[in-house]
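# Understanding the architecture of this molecule
Here's the letter readout for the chains.
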Amino acid sequence: FVKSGLRDLSVSRTSFQWGVPVPGDEEHVMYVWIDALTNYISALGYPPNDENDKNKNFEKFWPASLHVVGKDILRFHAVYWPAFLMAADLPLPEKLFAHGWWTKDGEKISKSLGNVIDPVALVEQYGVDQTRFFLMTEVGFGSDGDFSDMAMVLKVNSNLANELGNLCQRVLTMIFKNCDKAVPSVDPATDFTPQDVALLKSAA
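This report concerns the structure included in the present document. Every value quoted in this text rests on a predicted model; they were computed, and no experiment measured them.

## Some words on the pattern of salt bridges
Enumeration according to the criterion identifies four salt bridges in this entry. A salt bridge links Lys 104 to Asp 105, with the shortest nitrogen-to-oxygen separation between them at 3.4 Å. The class for Asp 105 is partly exposed, based on a relative accessible area of 49%. Note that Glu 138 is salt-bridged to Lys 155, the shortest N-O span being 3.8 Å. In this pair, Glu 138 sits in helix H6 (residues 128–138) while Lys 155 sits in helix H7 (residues 149–178), placing the two residues 17 residues apart along the sequence. The class of Lys 155 is buried, set by a relative accessible area of 18%.

## Description of a nonpolar patch on the surface
There is a patch of nonpolar side chains on the surface, built from Trp 102, Leu 135 and Met 136 and spanning about 300 Å² of accessible area. Its location among the elements puts Leu 135 in helix H6.

## Focus on the nonpolar core
Formed by 16 residues in total, the largest nonpolar core has its most connected members in Tyr 31, Ile 41, Phe 58, Trp 62, Tyr 80, Trp 81 and Phe 84. Tyr 80 has contacts with Leu 9, Tyr 31 and Arg 75, leaving out every residue within four places of it along the chain. Counting residues in hydrophobic clusters, the runner-up holds seven residues, among them Tyr 126, Phe 134, Val 156 and Leu 160.

## Let's talk about the sheet that holds strand S3 (residues 25–30)
An order of S1-S3-S2 is seen for the three strands of this open sheet, with the pairing classed as antiparallel. Strands with a single pairing partner mark the edges of an open sheet, and in this sheet they are strand S1 (12–13) and strand S2 (21–22). Relative to S3, S2 runs antiparallel, the two sharing two bridges. Across the sheet, the residue bridging to Val 22 is Asp 25, located in S3.

## Here we look at unusual backbone geometry
With an omega of 0°, the peptide bond between Tyr 46 and Pro 47 qualifies as cis. Summarising the element assignment, Pro 47 is placed in the loop between helix H2 (39–42) and helix H3 (56–61). Cis rather than trans, the peptide bond between Trp 62 and Pro 63 has omega equal to 10°. For Pro 63, the location among the structural elements is in the loop between H3 and strand S4 (67–70). Here Asp 180, not a glycine, exhibits a phi torsion of approximately 55°, which is positive. Counting through the fold element by element, Asp 180 comes out in the loop between H7 and helix H8 (188–191). A positive phi is found at Lys 181, a non-glycine position, where the angle reads about 65°. Within the secondary structure layout, Lys 181 lies in the loop between H7 and H8.

## Observations regarding the packing of H6 against H7
Interhelical geometry of H6 versus H7 gives an angle of 95° and a closest axis separation of 10 Å. Judged on the interaxial angle alone, H7 and H6 are roughly perpendicular. Residue-level contacts link Gln 130, Thr 131, Phe 133, Phe 134, Thr 137 and Glu 138 of H6 to Ala 151, Met 152, Lys 155, Val 156, Asn 159 and Leu 160 of H7. A per-class count over the contact of H6 with H7 returns six nonpolar, four polar and two charged.

Conventions used here
Residues numbered from 1 in each chain as written. Predicted model: local features only at pLDDT ≥ 70, side-chain atom pairs only at ≥ 80, totals over all residues. Heavy atoms only, no water. Salt bridge = Lys/Arg side-chain N within 4 Å of Asp/Glu carboxyl O. Buried < 20%, exposed > 50% of the residue type's maximum accessible area, 1.4 Å probe, protein only. Helix = DSSP H or I, 4+ residues; strand = E, 2+ residues; numbered from the N terminus. Patch = residues over 30% accessible without salt bridge, like charges linked within 9 Å, V, L, I, M, F, W, Y side chains within 5 Å. Areas by Shrake-Rupley, 256 points an atom, 1.4 Å probe, with all protein chains shown as cover. Core = buried A, V, L, I, M, F, W, Y, C linked by side-chain atoms within 4.5 Å. Contact = heavy atoms within 4.5 Å. Pairing = 2+ DSSP bridges. Axes fitted to C-alpha atoms, helices over the stretch in contact; angles between N-to-C directions. Parallel < 35°, antiparallel > 145°, perpendicular 65-115°, else oblique. Nonpolar A, V, L, I, M, F, W, Y, C, P; charged D, E, K, R; others polar.

Purely geometric stuff here, so don't read any function into it on its own.
Structure follows, in structure tokens:
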């Protein structure tokens, strides 16, 4: 966005009437994005009522450590919002991450198509952990992802029921047979070999 060249941005509009009126000019309304983006800080009580008003929420939560937004509104958060904050001499968010979109059975999720996924119904059908596992593993951060009931069933059966289930069965069976049915207590300083320590460090 920045490399393509920056242009001036008007913070008000006259082409329509809906919106927050500009004080002192009834023909203008505030640009919707300056109104929307400032909710990040107005929700924290900014600006203070007077010089003696110490706003604890704003001081505690701003600047945001991370803004997570949809990729379709990245420009407004990566270019416009920092410009608004810099104009007001306010600190910028520390990081910005734009996530991808979910589709369902290869189609965009929308009310008009009637294919919106109810997360509550999803959890009731498949379970909380299964749903979390699918959502966290099926899509890399920043990429788009597709949901289908078939993909959910295959993912849960393959990775959780088969692979993780098989691992748990083997480990628990070994403990039951060879460790007096209990996980042995160990002292890392004396019981771990150099190979154990190296393996644990690599997994940390």
